[in-house]
Every structure is written in structure tokens, then in C-alpha cells.
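Structural description and commentary
So the chains spell out like this:
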Amino acid sequence: MSSTLEKLSSEELIKMEEKHGAHNYHPLPVVLSKGDGVYVWDVEGKKYYDFLSAYSAVNQGHCHPHIVGALKKQADTLTLTSRAFYNDALGPFEKFVTEFFNFDKVLAMNSGAEAVETAIKICRKHAYEKRGIPEDQAKIIVCENNFHGRTTTIVSFSNDETARKNFGPYTPGFIRIPYDDVDALDKALQEENVAGFLVEPIQGEAGVFTPASNYMAEARRLCDKHGVTFIADEVQTGIARTGSLLAVCGNCSCEGHCERQEDTYVRPDIVVLGKAISGGVYPVSAVLADDEIMNVIQPGQHGSTFGGNPLAAKVAVAALEVISDEKLAQNARKMGELFRREMNRIIEKTDLVTKVRGKGLLNAILINDTPDSTTAWDLCMAMKENGLIAKPTHGNIIRFAPPLVMNEEQLMDCVAIIEKTLLAFKK
Ligand SMILES: *Cc1c(COP(=O)(O)O)cnc(C)c1O
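Residues numbered from 1 in each chain as written. Predicted model: local features only at pLDDT ≥ 70, side-chain atom pairs only at ≥ 80, totals over all residues. Heavy atoms only, no water.

Moving on, we come to the pattern of salt bridges. Note that side chains of opposite charge can pair when their charged atoms are close. Following the criterion strictly, the structure yields 16 salt bridges and no others. Of the charged contacts, one joins E11 and K15 as a salt bridge, the two residues approaching to 3.3 Å between their closest N and O atoms. Separated by 4 residues within a single helix, E11 and K15 lie in helix 2 (residues 10-20), roughly one turn from each other. Each member of the pair, E11 as well as K15, carries the same accessibility label: exposed. Two residues, D186 and K225, come together in a salt bridge whose shortest N-O distance is 3.8 Å. Of this pair, D186 sits in helix 9 (residues 182-189) while K225 is found in helix 10 (residues 215-226), placing the two residues 39 residues apart along the sequence. (Salt bridge = Lys/Arg side-chain N within 4 Å of Asp/Glu carboxyl O. Helix = DSSP H or I, 4+ residues; strand = E, 2+ residues; numbered from the N terminus. Buried < 20%, exposed > 50% of the residue type's maximum accessible area, 1.4 Å probe, protein only.)

Take a look at the structure:
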């Protein structure tokens, strides 16, 4: 039985998912069975550059030995105690991660969406207990085209019809304003009972939409002015992806232990992390805040059976050690500049791409076609044939987010694949 299962082809495995799995994704038809660093292999043995990195969860590269080593060691020792008892891994993780990001406290969860939910709950409770907002009246400002996950509350404040339609009734208490619009934020903050502003420093899912360079600093200033909790969702942008430890750090170049040196440094009241906090090895997410905010959560008021389990704790520490040991923020910054320079060179040669945008190694190219055209998809299929896998986001945009361990030679190899594909492409 197992020997026949091992020999299934890509086509058979795709059919199996089609028949037995819920159709909640539309994957590129490539079936992966192995990963190492910046590379993945399909079941037929074809090798690809991974240009999605599991939506920026695999920033440290596939199967990083330091992270996998921590997982294996802990797996033989103790996996789960629940928080009904203490374990010897959670405290050291909490100390490490709060020192790493410079906050008083952390609350560990599992998925990104759970961490966003956690931040919303903390923000509301803090508003009622410390800021005198009347019970059940708190409002949180969010942005158009946001992506914060898939729970019922989170899709309630999404404006993506696919994500939202027929999942109502929706959770009230959110005000949606245009992204990258300081005036709109200023106006919304003047409404009564505003508790928080929840924002992505760069909108990843929306197509790597990069706001004006002073947007985060202005938002911070306005939130301070109105005494409103500033919540940065760094689930995709955080952990070195955009060339700094957090995207809100602006051009701060510190690696690991944040030194908060530069004037562009913006410090949110609450930071939400997920994805790369485990290097893609295990689901780990986290919410960071200082005591004044985090202490509103008392026993019984929030939790998760798996949140902060010993495996998660060891994996996350190892994953963050890789970020600083290998200077991945610095590398993302350097490789990102090179990548955008090369893309701009290619754009000169083709009408197919109108623009490259992004920061660090979170980038996207805009395809010169309508959002409902299949051009971006067809291009991704052609790149796959040429050994590089990426995925369209929002129709005519292709996101390029390789693991941050990519070196210059590999990056130039990828640029050559992208160039060759674009120049040979016929609609
Ligand atoms: C992926 C993502 C989430 C949700 O994380 P999950 O682990 O998929 O629940 C939340 N916010 C942002 C910005 C994301 O990119």
C-alpha cells in the first residue's frame, strides 16, 4: 500500500486533492516533495527556485538545519503540556523574543489570524479598562484592501468579496479607510470611541502595495495625538522580509536585537507576528506589547491549547537566531535593491510589465493587462516551466518573495529566468 502511494505522479496527487480536499485554494499545478534553502523539488524531481517562500513564512530558507534541529531535539523531549502547567521552553522563548523586538511582553498563539484576533481583543479590552471607552462601543480603524486572515471577525472588515460574501453576519466595530491616506486617518480618528488603528506596513496580499515612506511615522503621530492604539500587522512584512527586522523600523539597519537608532523608527503599541517567526517549520504566531497594554489580559481571558507549546518555543528561538546570525535583513535589503534594479532594466525591454515595486525581498511586478485576464497566471506557468515558481495576486500582479538566504549568484540566475520568460511570452 505505502509503496504504491510513494510513487504517485504530480497529476495523480493533484486529482487526489481535487477529489478529497475542500477547494479553498487554487494552487499552481506543481506538486512539491522536497525543499532546501532557496530550492524546492517536485515529485518528478524537477528543481525550482521558490519565489513565494510560503507567503514569506520560509524567510530562513527551506528546512534550515538549525531550526529543524531544534524541532527534532524538542520533539523527542516534550511536545505539549498545555498552559495548565509551566514548561521549561516557554519562559526562555518569551525572554528571547521580547528582548529581540524590544517589548515588555509577548502572547504566543499559532496562526497569523489568531494573533490578529488576539491583538483586536487586547486593544478593545485596554480601551474599556484604561481609556474609558464605553463598553461595546470601541471601534478599530482598518484599511481598504487589507489582509489580516480568515476568521469571521477578520473577514467582517475585509472588502474582498471573495473572502467575505455569505460569511455574515459580520462583526461590528470597524471603520474602513483608504490605505496610505493620512487625511482619511486623521478624519477617522476624530470619530467617537476609536480604540485602535490596525495596519499592514506594506499590503502584501493586496499586491505588495507600498505606501509613502512617511505613512507609518504619520500614522504613529496621529495615533499618539488621539491616544489610539497603533497595531502593526507584520505577519508578512516582519522578520527581515523587507530589509529590516520589522517593516515599521523603516531604514533601521539593526540585526536582531533592535537598537531603535534611526529617526525613521516607528514603534507600534502592538506588533503582530506569524509566518517567518518559525521559519516555516511549525505554526507559531505572537503578539508583542508593553505591560501597560498586555497586562489587561488576565487568567482565563484568552488562550489556546497549543499556543506557546515547547516545540513552538524552541523552533521560534532558533528561527530568530538564524535571522540575526545570518544577517538576513541586511541581505534582503541588498538583494532587493539588486532585484528591483534588474526588473527595471527588463521593463525597458518589454511592454508586458509596467512596474516593479516593493521593499527588501517583498516585491511585485505589475502586468500590463486587465485584472481578470489570465496573463499573470500564464506567465507564472511559463516561469514554472523555466524553473521558478511564483503566484499571481489580485489578477495582474505577480509577487516575488524568495527566501532571504538567496545569494547574488542565485538571484541573477532567477533574474535570467524571469527575463527569458517575459521576453519569450506570447499572449
Ligand atoms: C498571512 C497573513 C495573515 C494570516 O496568517 P495565517 O497564518 O494565514 O492565519 C495575517 N496578516 C497578514 C498581513 C498576512 O500576510
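For the rest of this paragraph, the subject is helix 4 (residues 65-75). What sets the pattern is the α-helix's 3.6 residues per turn: residues three or four places apart point alike. The complete set of buried residues in helix 4 reads I67, V68, A70 and Q74. Around the axis of helix 4, the buried residues are gathered within 155° of arc, so they sit on the same side. What points out from helix 4, more than 90 degrees from its buried face, is the exposed set P65, K72 and K73. Elements that come into contact with the buried residues of helix 4 comprise helix 12 (310-325). (Arc of directions from axis to C-beta. Contact = heavy atoms within 4.5 Å.)

In this section: the packing of helix 14 (residues 375-385) against helix 15 (residues 408-424). Where helix 14 contacts helix 15, the axes come no closer than 9 Å and their chain directions differ by 125°. Taken together, helix 14 and helix 15 sit at an angle that is classed as oblique. The two elements helix 14 and helix 15 meet at a crossing, and its hand is right-handed. Listed contacts from helix 15 to L379, A382 and M383 of helix 14 are I417, I418, T421 and L422. Per-class residue counts for the contact of helix 14 with helix 15 are 6 nonpolar, 1 polar and no charged. (Axes fitted to C-alpha atoms, helices over the stretch in contact; angles between N-to-C directions. Parallel < 35°, antiparallel > 145°, perpendicular 65-115°, else oblique. Left-handed = near helix turned anticlockwise from the far one by under 90°. Nonpolar A, V, L, I, M, F, W, Y, C, P; charged D, E, K, R; others polar.)

Moving on, we come to the domain arrangement of the protein chain. When the parts come together, some accessible area is lost, and that loss is often what is quoted as the size of the interface. Under the domain assignment, the protein chain is made up of domain 1 (2-60 + 328-424) and domain 2 (65-325). Each partner contributes to the interface: domain 1 provides 28 residues, whereas domain 2 provides 33 residues. With both sides pooled, the region where domain 1 packs onto domain 2 buries about 2,400 Å², and carbon together with sulfur makes up 51% of that total. The largest share of the area that domain 1 buries against domain 2 comes from Q60, K359 and L362, three residues that together contribute 27% of it. Remark: the boundary between domain 1 and domain 2 carries 1 salt bridge. Linking R399 and E205 is a salt bridge whose minimum nitrogen-to-oxygen distance equals 2.8 Å. Taken together, the connections running from domain 1 to domain 2 amount to 17 residue pairs in polar contact (both at pLDDT 80 or more). (Domains from an automatic or database assignment. Buried area = accessible area lost by both parts, 1.4 Å probe. Polar contact = N/O pair within 3.5 Å; in protein donor to acceptor, adjacent residues only side chain to side chain.)

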